[in-house]
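Spelled out, the chains give:
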Amino acid sequence: MIALLIASDVTFKGNKDGLTLVLKETSTIEKILDDISKKISINKKFFKVDVLKIDFKGRNLTKDEEDKIMELINERTGTKVEKVQEEIKVPIPKKNYNVGLDMSELALKAFCEGNTKFYKGTMRSGQSIKHDGNVVVLGDVNAGAEIICTGNIIVLGCVKGIVHAGSCGDENSIVAALGLQPLQLRISGIITRSPDEEPKMLSPELAYIKDKNIFIESIDTRYKQH
Amino acid sequence: MGQVIVITSGKGGVGKTTTTANMGAALAKLDKKVVLVDGDIGLRNLDLVMGLENRIVFNLVDVVEGTCELSKALVKDKRFNNLYLLPAAQTKDKDSVNPAQMKALTDGLRKDFDYIIVDCPAGIEQGFKNAISGADRAIVVATPEMSSVRDADRIIGLLNSNGIKDTRLIVNRIKMDMVKTNDMMNVDDVVDVLAVKLIGVVPDDKNIVIATNNGEPAVNDVKSTAGKAYINIAKRVMGEEVEFLDLEEDHGLMSKIKKIFGVNK
């Protein structure tokens, strides 16, 4: 019997830990279960083990949908299926240079009086500022240095270390700097990092939370449309 | 009254001991009275690099514990009359000395020497704290590599918070051909991150390896570019303004031919 290659919504990818199921983003759970069922009969080699670790990529799944898939595989192959522990993913924030966010909007929310700690000079690797309030650094924050505060962070220099604003849960907090190239940037409970390629030119930028994501906006007034 | 200079880096293996030996020898060559103090108790190397390991009778820990007088522990260099070594102990460890003892020791050397150079061990713990305790100024040695620069940054922060504000930088083991192909950081990149004044740039030089293994400071070797760099560093330590060596100059046959034909590099 000639097996017809029908475009499947599921791809099996073996890796050193087990199996990755790459799922088409626009698919339905029924089609996915159906495709998996078909693929199991062709790809028996993956299931010759006692315990199989699987990982999902592509379409997001609810806990229910994940359970259904794992049950299906278990039933059809007798292999015990375990989901791989997800590593904490640190995504890259979205750059939002044309959004025209009204600075006065932010001014009302974030710049309330709180007590502010001023630090003069460059923060070096290993130095740490922890403060209940805002922090202003008149210098650079080198890689290996960290600032953790409950308020906003303003750096009149280049940020290469770790900065954490709104550490007690204030999602209106912002981080602003003359150059943002942090190892990690955290606002409240959300973590992001710099993209892997270095930018050609650093310009003044501001990071804020919108819809549970961190956005970066240029605060160089030449870019603003008034 | 002598000056106490500590040579430190944070990262291990970047050239502190080599710098201590060569800078000390260069200062002695320039007629200064110099004593080199090995701060690396337990893992002493300075005596090996100077070729004086078989002349050691007493060491720094003996002096601190009162077993002998300071003058008895000083080893005179076999090449220079005005260069001495105070060796570390090999059979003890860094907890055998505390910062106050170290400071008393280096202070005791000030009246007899122009320069007291302390070779600091790698790390930021007791050994480091001991070595910096009596210092007036510091020279931080870093290689143009991410890990070395990161550690040097930490060290500079610690030096500042321990009251040593006069810190200078030596960029060591730079390979100009790798800098040209963008495979290695250049001097400006390092200085940008560390934000301290440069006191010297030393190229990677195989003559250093040869010299070190023979227990001879490279400053005596006319073929060694690194040796020349160390002599310049010694002059700058004394306050002279010396131009940095042009390390890009290629002395090979091809560049000589190119020069004859007027081809620019």
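In what follows, the accompanying structure is described. Residue indices begin from 1 for each chain and proceed along its sequence in written order. To read the labels, note that chains go from A and ligands from 1, taken in the order they are written. With pLDDT at 70 or above as the cut-off, local features in this predicted model cover only qualifying residues; side-chain atom pairs require 80 or more to be listed or tallied, and sums for whole chains, interfaces and linings still use all residues. Side-chain figures throughout are based on the complete set of non-hydrogen atoms in the structure, without hydrogens or water.

### Focus on the pattern of salt bridges
Residue and element names in this part refer to chain B. A pairing counts as a salt bridge when a side-chain nitrogen of Lys or Arg comes within 4 Å of a carboxyl oxygen of Asp or Glu. If you walk through the whole model with that rule in mind, you get 23 salt bridges over all chains. When the shortest N-O distance is used, the salt bridge between Asp-221 and Lys-223 registers 3.8 Å. Three labels apply to residues, based on accessible area from a 1.4 Å probe with only protein chains included: buried if under 20% of the type maximum, exposed if over 50%, partly exposed otherwise in between. The exposure class of Lys-223 is exposed, given its relative accessible area of 63%. Salt bridges sharing partners connect three or more residues here, namely Lys-103, Asp-107, Arg-110 and Asp-136.

### Observations regarding the packing of helix 7 (residues 146-161) of chain B against helix 9 (residues 187-194) of chain B
All names here are of chain B. Each axis is a line fitted through C-alpha atoms, and for a helix only the stretch in contact is used; angles between axes span 0 to 180 degrees, taken between their N-to-C directions. Each helix is a run of H or I in the DSSP string that is no shorter than four residues. Each strand is a run of E no shorter than two, and both are numbered from the N terminus. Where helix 7 meets helix 9, the closest approach of the two axes is 10 Å, and the angle between their N-to-C directions is 35 degrees. The crossing of helix 7 and helix 9 is right-handed. Listed contacts from helix 9 to Val-149, Ala-152, Asp-153 and Ile-156 of helix 7 are Val-190, Val-193 and Leu-194. Of the residues contributing to the contact of helix 7 with helix 9, the split by class is six nonpolar, no polar and one charged. Each crossing gets its hand from how the near helix is turned against the far one by less than a right angle, where anticlockwise is left-handed and clockwise is right-handed. By the convention used here, residues are in contact when the closest approach between their heavy atoms is within 4.5 Å. Throughout this entry, Asp, Glu, Lys and Arg are counted as charged residues, while Ala, Val, Leu, Ile, Met, Phe, Trp, Tyr, Cys and Pro are counted as nonpolar. The remaining residues, Gly among them, count as polar.

### Things to note about empty space enclosed by the protein
Residue and element names in this part refer to chain B. Both cavities and pockets are sets of points on a 1 Å grid over the protein atoms alone; in a cavity a 1.4 Å probe fits but cannot get out, in a pocket the set is open with protein on both sides within 12 Å along at least five of seven lines, and lining residues sit with an atom within 4 Å of a point. Grid points are joined across faces, edges and corners, and a volume is the space filled by probe spheres set on the points. Here the structure, examined in full by the defined rule, presents two cavities of 30 Å³ or more. Each pocket or cavity is described by its volume, and for the largest cavity that value is around 60 Å³. Surrounding the largest cavity, Gly-200, Val-201, Ala-229, Asn-232, Ile-233, Arg-236, Phe-244, Leu-245 and Leu-247 form its lining. Those elements that provide at least two residues to the lining of the largest cavity are strand 8 (197-203) and helix 11 (225-237). When residues of the lining of the largest cavity are assigned to their parent elements, the largest contribution, four residues, is made by helix 11. In terms of residue class, the lining of the largest cavity is built from six nonpolar, two polar and one charged. Looking at the second largest cavity, its volume works out to about 30 Å³. Thr-18, Asn-22, Val-49, Ile-208, Ala-211, Thr-212, Glu-216, Pro-217 and Ala-218 are the residues that line the second largest cavity. Listed by contribution, the elements that provide at least two residues to the lining of the second largest cavity are helix 1 (16-29) and helix 10 (206-214). Looking at side-chain class alone, the lining of the second largest cavity contains five nonpolar, three polar and one charged residues.

### Some thoughts on the interface of chain A and chain B
Tallying the contact residues gives eight residues for chain A and 10 residues for chain B. Buried area: the sum, over both parts, of the accessible surface (1.4 Å probe) that disappears when the two are put together. Where chain A abuts chain B, roughly 710 Å² becomes buried across the two surfaces, and 40% of that area is made up of carbon and sulfur atoms. The closest approach of N and O atoms between Asp153(B) and Arg124(A), which form a salt bridge, is 2.7 Å. In the analysis that follows, any N or O atom pair within 3.5 Å is treated as a polar contact, provided that within protein one partner can donate a hydrogen and the other can accept it, and provided that, for residues neighboring in sequence, both atoms belong to side chains. The tally of links between chain A and chain B comes to five residue pairs in polar contact (both at pLDDT 80 or more). Looking at the side of chain A that touches chain B residue by residue, the class counts come to two nonpolar, five polar and one charged.

### Side note on the sheet that holds strand 2 (residues 34-38) of chain B
All names here are of chain B. Strand order in the open sheet formed by eight strands is 3-4-2-5-1-6-7-8, with mixed pairing between adjacent strands. Each edge of the open sheet carries a strand with a single partner, namely strand 3 (75-76) and strand 8. Inspection of the sheet shows strand 7 (residues 167-174) paired to strand 8 by six bridges, in the parallel sense. In the strand pairing of strand 8, Ile-174 is matched with Pro-203. Pairing between strands is defined by DSSP: at least two bridges between the two strands are required.

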